[in-house]
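Chain by chain, the residues:
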Amino acid sequence: MLKIRSLIALVLLCLFALSAAPAFGWNETGHKLVAYIAWQKLNPKAKEKVNLLFQAAPEDSDIAGYFAFDSRSVATRQLEQFMTVATWADIVRDRKFPVRLAKYHHGTWHYSDIFFREVNGKIELATELKDDPQNAIERLHVMQGILADTTKTDAERVIALAWILHLVGDVHQPLHSVARVTELEPKGDQGGNLVELTPKGTPREEQKNLHSYWDGIVTLSAPRVNDACDTDYIPGLGQKFMKKYPENKMQAQVDNLKFEDWRQEGLDNAVKYVYAGLTRYEKPSAKYEKQAYKLSQQEIALAGYRLAKLLNQILGQ
């Protein structure tokens, strides 16, 4: 019976990995890559504490259930759980589970927008527009405080950990830090969600927008082969990103754990790369896709290194 349950758990994890992900920050592949890279840099004490916290997760969060019981090594299954938990904040959006949705889902926590407009070729901040009070940057500060507070229960701290795993990834997707103001979007383009990349009149279910394009740039540029599961797909990509953008080559950025600076980096990247060379209602060019994938590799690697540094400081001392 135990072997059957373990097999079912493994199959469900693989099916989840292959399912279409909604446009909520990096798709699940991007978030798992951030987590994979962070895991390589976590010290043993931090890993031990992470695994203990996962075991203490509230039952209705499902986090403890992401650990598979099968014949693979414990280390492999712990890594797999860590990567899956990095997507938990998107999993709990599922409206088929209204109780879990009501308790754990917080839509405004996934982004922290700087509103800007272009005037005569120059960037100006649209200071009349304000971000939501509870946003990704504000929540990172809160969750960091909860995770570091040993007077909190482990059940409270593990939820904070799950949010940190996710939000560090979100903030490094440039369109989670900006909202461009135009005549068409006087209140901002919702992080590119209102910028369509398909021709006018395209049926709603077939429409593509700028935000979803960047969310899925990894799987667009480096698709899975033969429906590979995460353990066959994520490590190869993660190692590739780390080799291309090694931690010691970006150490000054890695050491900067000021969340507000991360948001500013998102604005800079959005202006320089995301909105540049783009035509509304048209598919991005091959040149644009190449540059988008290059920047995304860099930002995912940087997010992974920073996540590890943050968790090592909080849990690995």
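Chemist: Tell me what's going on with the confidence of the model for the chain, and back it up with residues and numbers.
Modeler: Caution applies to low-pLDDT regions: their predicted coordinates should not be interpreted in detail. For the chain, the average pLDDT comes to 93, and 92% of its residues sit at 70 or higher. Here residues 1–23 is modelled with pLDDT under 50, and outside its nearest four sequence neighbours on either side it reaches 27 contacts, counting other chains as well.

Chemist: Report on the pattern of salt bridges, specifying residues and quantitative values.
Modeler: Tallied over the entire structure, the rule returns 19 salt bridges. A salt bridge links E247 to K41, with the nearest nitrogen and oxygen atoms 3.3 Å apart. One end of the pair, E247, is in the loop between α11 (230–244) and α12 (251–255); the other, K41, is in helix α2 (residues 28–41), with 206 residues separating them in the sequence. Taking the relative accessible area as the measure of exposure, K41 reaches 31% and is therefore partly exposed. Members of the salt-bridge network, linked through shared partners, are E28, K32, R224 and D230.

Chemist: Lay out the packing of helix α13 (residues 259–274) against helix α14 (residues 286–315) in plain terms, naming residues and giving numbers.
Modeler: Where α13 contacts α14, the axes come no closer than 12 Å and their chain directions differ by 175°. Taken together, the axes of α13 and α14 are roughly antiparallel relative to one another. Contacts between α13 and α14 involve F259, W262, E265, N269, Y273 and V274 on the former and, on the latter, Y288, Q291, L295, E299, L302, R306 and L310. Of the residues assigned to the contact of α13 with α14, the class counts are eight nonpolar, two polar and three charged.

Chemist: Describe in detail the sheet that holds strand β1 (residues 114–119), supporting the description with residues and values.
Modeler: Taken together, the three strands give an open sheet; going across it, the order is β2-β1-β3, and neighbouring strands pair in mixed fashion. The sheet is open, and its two edges are formed by β2 (122–125) and β3 (178–180), each paired on a single side. Looking at each pair of strands side by side, their axes are set apart by 35° on average, direction ignored. Pairing of β1 with β3, which is carried by three bridges, proceeds in the parallel orientation. Within β3, the position partnered with F116 by the bridge is R180. Here α13 sits on the sheet and contacts β1, β2 and β3; the angle it forms with β1, its principal contact strand, is near 30°.

Each value, and the rule that gives it
- Residues numbered from 1 in each chain as written.
- Predicted model: local features only at pLDDT ≥ 70, side-chain atom pairs only at ≥ 80, totals over all residues.
- Heavy atoms only, no water.
- pLDDT = per-residue confidence, 0-100.
- Contact = heavy atoms within 4.5 Å.
- Salt bridge = Lys/Arg side-chain N within 4 Å of Asp/Glu carboxyl O.
- Helix = DSSP H or I, 4+ residues; strand = E, 2+ residues; numbered from the N terminus.
- Buried < 20%, exposed > 50% of the residue type's maximum accessible area, 1.4 Å probe, protein only.
- Axes fitted to C-alpha atoms, helices over the stretch in contact; angles between N-to-C directions.
- Parallel < 35°, antiparallel > 145°, perpendicular 65-115°, else oblique.
- Nonpolar A, V, L, I, M, F, W, Y, C, P; charged D, E, K, R; others polar.
- Pairing = 2+ DSSP bridges.

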